[in-house]
Amino acid sequence: MSGTPGAAGDLLTGPARTGPDESDWAAAVAAVRRLPADARVLLICHVNPDGDALGSMLGFGLGLRRLGVRHLQATFPGPPEVPEPFRWLPGLDLLVPSTKAYPDPDLVVCFDAASESRLGELVDRLDTAGDALVLDHHASNTRFGRVHLVDPAAAATSVVVDELLTRLDVPLDAEIAQCLYVALTTDTGSFRFEATTPAVHQFAARLLATGIRPGDISRQVFDTRPFGAVRLFGEVLGRARLEPAAAAGNGLVWTYATQDDLARHDQRPYVLEALIDSVRCTAEADVACVLKQVGPAEWAVSMRSKGAVDVSAVAVALGGGGHRFAAGFTGAGSAEDVVRSIRAELDGALIAR
Ligand code: 5GP
Ligand code: MN
């Protein structure tokens with residue numbers, strides 16, 4: 001995702017769960033190692049995939065290919081459109097539209113999806129697949145597979161992917177590294193967020209040592225957008241509202257983008273993913289929200305917190321999920337209806353400090 005200021009620890013949904021234990025890792029390694037030579041493996045990442053979802057999935061896919069897995073597909077629910085900033089990633093040839101995905105793979109592996117709902121129309125593969133492996137780092141993960149490698153302390157799902165590839169004896173090469181680097185920089189906000197531990201920098205160092213070019217990657221992923229998107233951002237930011245009294249006085253800033261806004265500027269929905277970063281910098285608000293219209297009365301909501309409010313608790317209460325400092329959900333009604341529901345949850349939310 002763009003802008004995940006933190007990872008571990010949920011105030012309202014209980015203490016951060018610990019990561020995978022040795023038996024989880026062993027079960028995951030065994031699930032891959034016991035695949036027959038002609039096995040069909042399906043990789044799935046969450047709807048509206050971001051850098052961590054796509055990078056983790058394709059990086060792992062390239063690793064499986066190195067291991068000799070021949071019948072390998074990667075996919076995600078919804079329209080089979082890869083956001084422009086990721087259209088250069090190695091491993092894109094593994095992608096198939098969800099309609100073409102193996103109906104009953106021998107193994108399904110899910111990436112960066114906190115719950116089944118994030119798998120959309122592909123959710124049935126959890127039942128039809130011979131085995132189901134879940135790789136994730138959301139504390140709110142609902143453990144919907146058979147083997148779970150869920151580490152809420154991991155800065156990105158790619159950290160979990162890296163560990164599994166290491167345990168599978170897959171050497172890191174530049175192509176895999178490009179994918180995992182995109183994932184890591186996406187979810188750490190380019191090493192700015194709290195989850196940026198020494199281990200994250202050590203992981204980044206190993207990725208860079210393969211010879212990948214961080215300047216080129218960052219420019220393509222974070223610093224390039226069409227002029228129409230620049231104009232669209234101007235309009236949407238111009239209508240942002242600040243509510244200093246919301247969230248028990250910690251402040252809320254929010255804005256919305258409609259499907260008509262996108263159409264007027266001839267832009268695709270994924271350009272809106274970067275908007276939250278221009279809203280959450282508001283000094284006067286702890287909580288920032290961007291509502292992105294996805295249907296006549298349906299909004300994909302991105303929420304960020306600077307630390308006073310656990311937005312994952314708000315998102316979970318409204319049917320979504322995420323991390324303490326970055327979370328989201330899908331809301332129904334008008335934009336004002338959705339903001340009203342957020343305000344109500346924020347007022348009830350536990351204030352950490
Ligand atoms: P973003 O705002 O960047 O789309 O997402 C922020 C975080 O919240 C990510 O960790 C993302 O996976 C999670 N998230 C966003 N929308 C939803 C949703 O509708 N359901 C769930 N379970 N998680 C979401
Ligand atoms: Mn992630």
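Residues numbered from 1 in each chain as written. Chains lettered and ligands numbered in written order. Predicted model: local features only at pLDDT ≥ 70, side-chain atom pairs only at ≥ 80, totals over all residues. Heavy atoms only, no water.

Enquirer: Quick question: what am I supposed to make of the pairing of strand β9 (residues 298-305) here?
Expert: In regular strands, side chains alternate between the two faces of the sheet. In terms of residue burial, β9 counts as a mostly covered element, since seven of its eight residues are buried. As paired elements, strand β8 (residues 287-295) and β9 share eight bridges and run antiparallel to each other. Pairing of C289 across the sheet is with M303, part of β9. Once β8 ends, the chain turns through two residues before running back antiparallel as β9. In this structure, β9 lies alongside strand β11 (residues 326-332), joined through seven bridges in antiparallel fashion. For W299, the partnering residue across the bridge sits in β11 and is G331. (Buried < 20%, exposed > 50% of the residue type's maximum accessible area, 1.4 Å probe, protein only. Helix = DSSP H or I, 4+ residues; strand = E, 2+ residues; numbered from the N terminus. Pairing = 2+ DSSP bridges.)

Enquirer: Help me out: how do you make sense of the coordination of the manganese ion (ligand 2) in this one?
Expert: Expected angles at a metal are 109.5 degrees for tetrahedral coordination by four donors and either 90 or 180 degrees for octahedral coordination by six donors. Only D52 (OD), D112 (OD), H137 (NE2) and D187 (OD) from the protein reach the manganese ion (ligand 2) as donors, at distances of 2.2 to 2.4 Å. Donor residues for the manganese ion (ligand 2) sit on one chain with the sequence pattern D-x59-D-x24-H-x49-D. Linking D52 in helix α2 (residues 51-66) with H137 in the loop between β4 (131-136) and β5 (147-150), this pair joins segments that are 85 residues apart in sequence. For the residue pair D52 and H137, the accessibility class agrees, reading buried in each case. (Donors = N, O, S within 2.8 Å, 3.2 Å for Na, K, Ca; no water.)

Enquirer: Explain the packing of helix α5 (residues 174-187) against helix α7 (residues 214-222) to me, please; I cannot follow it from the model alone.
Expert: The geometry of a pair of packed helices is captured by two quantities: the angle between their axes and the separation between those axes. For the pair α5 and α7, the least separation of the axes is 11 Å and the interaxial angle reads 60°. On the basis of their axis angle, the class for α5 and α7 is oblique. Note that α5 runs across α7; the crossing there is right-handed. Between α5 and α7, the residues in contact are Q178, Y181, V182, T185 and T186 and P214, I217, V221 and F222, respectively. For the contact of α5 with α7, the residue count by class is six nonpolar, three polar and no charged. (Axes fitted to C-alpha atoms, helices over the stretch in contact; angles between N-to-C directions. Parallel < 35°, antiparallel > 145°, perpendicular 65-115°, else oblique. Left-handed = near helix turned anticlockwise from the far one by under 90°. Contact = heavy atoms within 4.5 Å. Nonpolar A, V, L, I, M, F, W, Y, C, P; charged D, E, K, R; others polar.)

Enquirer: Whenever I open this one, the pattern of salt bridges confuses me. Can you help?
Expert: Side chains that differ in sign of charge can pair as their charged atoms come close. What the rule picks out here adds up to 27 salt bridges. R167 is the salt-bridge partner of E163, the closest N and O atoms lying 2.7 Å from each other. Of this pair, E163 and R167 both sit in helix α4 (residues 157-167), separated by four residues, roughly a single helical turn. Look at the salt bridges and you will find they share partners, linking E235, R239, D260, D261 and R264 into a network. (Salt bridge = Lys/Arg side-chain N within 4 Å of Asp/Glu carboxyl O.)

Enquirer: Is there a simple way to think about the sheet that holds strand β10 (residues 321-322) in this case?
Expert: The strands making up a sheet associate through hydrogen bonds between their backbones, and the pairing can be parallel or antiparallel. On the basis of which strands lie adjacent, the open sheet formed by six strands has the order β6-β7-β8-β9-β11-β10 and mixed pairing. Each end of this open sheet is capped by a strand with a single partner; those strands are β6 (241-243) and β10.

Enquirer: Just to check I follow, could you spell out the nonpolar core for this structure?
Expert: Across soluble globular proteins, nonpolar side chains have a tendency to be buried as a group. In terms of nonpolar packing, the biggest core is built from 55 residues, with V41, L43, F60, V109, F111, L135 and L164 touching the most fellow members. The contacts of L135, once residues within four sequence positions are left out, are V109, C110, F111, D112, L149, T157, V160, V161 and L164. Judged by nonpolar contacts, the second largest core, of 22 residues, contains V287, C289, A308 and I342. (Core = buried A, V, L, I, M, F, W, Y, C linked by side-chain atoms within 4.5 Å.)

Enquirer: How should I be thinking about α7 in this particular structure?
Expert: One turn of an α-helix holds 3.6 residues; hence residues three or four places apart share an orientation. Among the residues making up α7, those that are buried are I217, S218 and V221. Projected down its long axis, α7 shows its buried positions confined to an angular sector of 95°, all on one face. (Arc of directions from axis to C-beta.)

Enquirer: Even after reading the chapter, I still don't get the confidence of the model for the protein, so can you show me in this structure?
Expert: Close inspection of predicted coordinates is inappropriate in any region flagged by low pLDDT. Of all residues in the protein, 94% attain a pLDDT of 70 or more, and the chain-wide mean is 94. This stretch, residues 2-16, has a pLDDT under 50; its non-local contacts, to residues over four places away or in other chains, come to 54 contacts. (pLDDT = per-residue confidence, 0-100.)

Enquirer: Can you walk me through the packing of aromatic side chains in this structure?
Expert: Geometry of an aromatic ring pair is reported as the spacing of the ring centres plus the angle between the planes. Taken as a whole and judged by the stated rule, the model has four aromatic pairs. Taking 6.4 Å as the distance between ring centres and 35° as the angle between the ring planes, the aromatic pair formed by W254 and Y256 counts as tilted. Where Y256 meets W299, the ring centres are 6.3 Å apart and the plane angle is 85°; that geometry is what we call edge-to-face. Of this pair, Y256 sits in strand β7 (residues 252-257) while W299 sits in strand β9, placing them 43 residues apart in sequence. Note on Y256: relative accessible area 22%, which makes it partly exposed. For W299, a relative accessible area of 5% corresponds to the buried category. Counting every residue linked through ring pairs, the aromatic cluster contains W254, Y256 and W299. (Phe/Tyr/Trp six-rings, centres within 6.5 Å; stacked < 30°, edge-to-face > 60°.)

Enquirer: Help me out: how do you make sense of the domain arrangement of the protein in this one?
Expert: Accessible area lost on assembly of the parts is the figure often given for the size of an interface. In terms of domains, the protein is made up of domain 1 (22-221) and domain 2 (227-352). Computed over C-alpha atoms, the centres of domain 1 and domain 2 are 27 Å apart. Broken down residue by residue, the surface that domain 1 buries against domain 2 is led by E81, H138 and S140, which jointly contribute 44%. Seen at the junction of domain 1 and domain 2, the total is one salt bridge. Here R268 ties to E81 by a salt bridge, and the two come within 2.5 Å at their closest N and O atoms. Viewed at the interface, domain 2 and domain 1 are joined by four residue pairs in polar contact (both at pLDDT 80 or more). Residue composition of the side of domain 1 that touches domain 2, grouped by class: four nonpolar, three polar and four charged. (Domains from an automatic or database assignment. Buried area = accessible area lost by both parts, 1.4 Å probe. Polar contact = N/O pair within 3.5 Å; in protein donor to acceptor, adjacent residues only side chain to side chain.)

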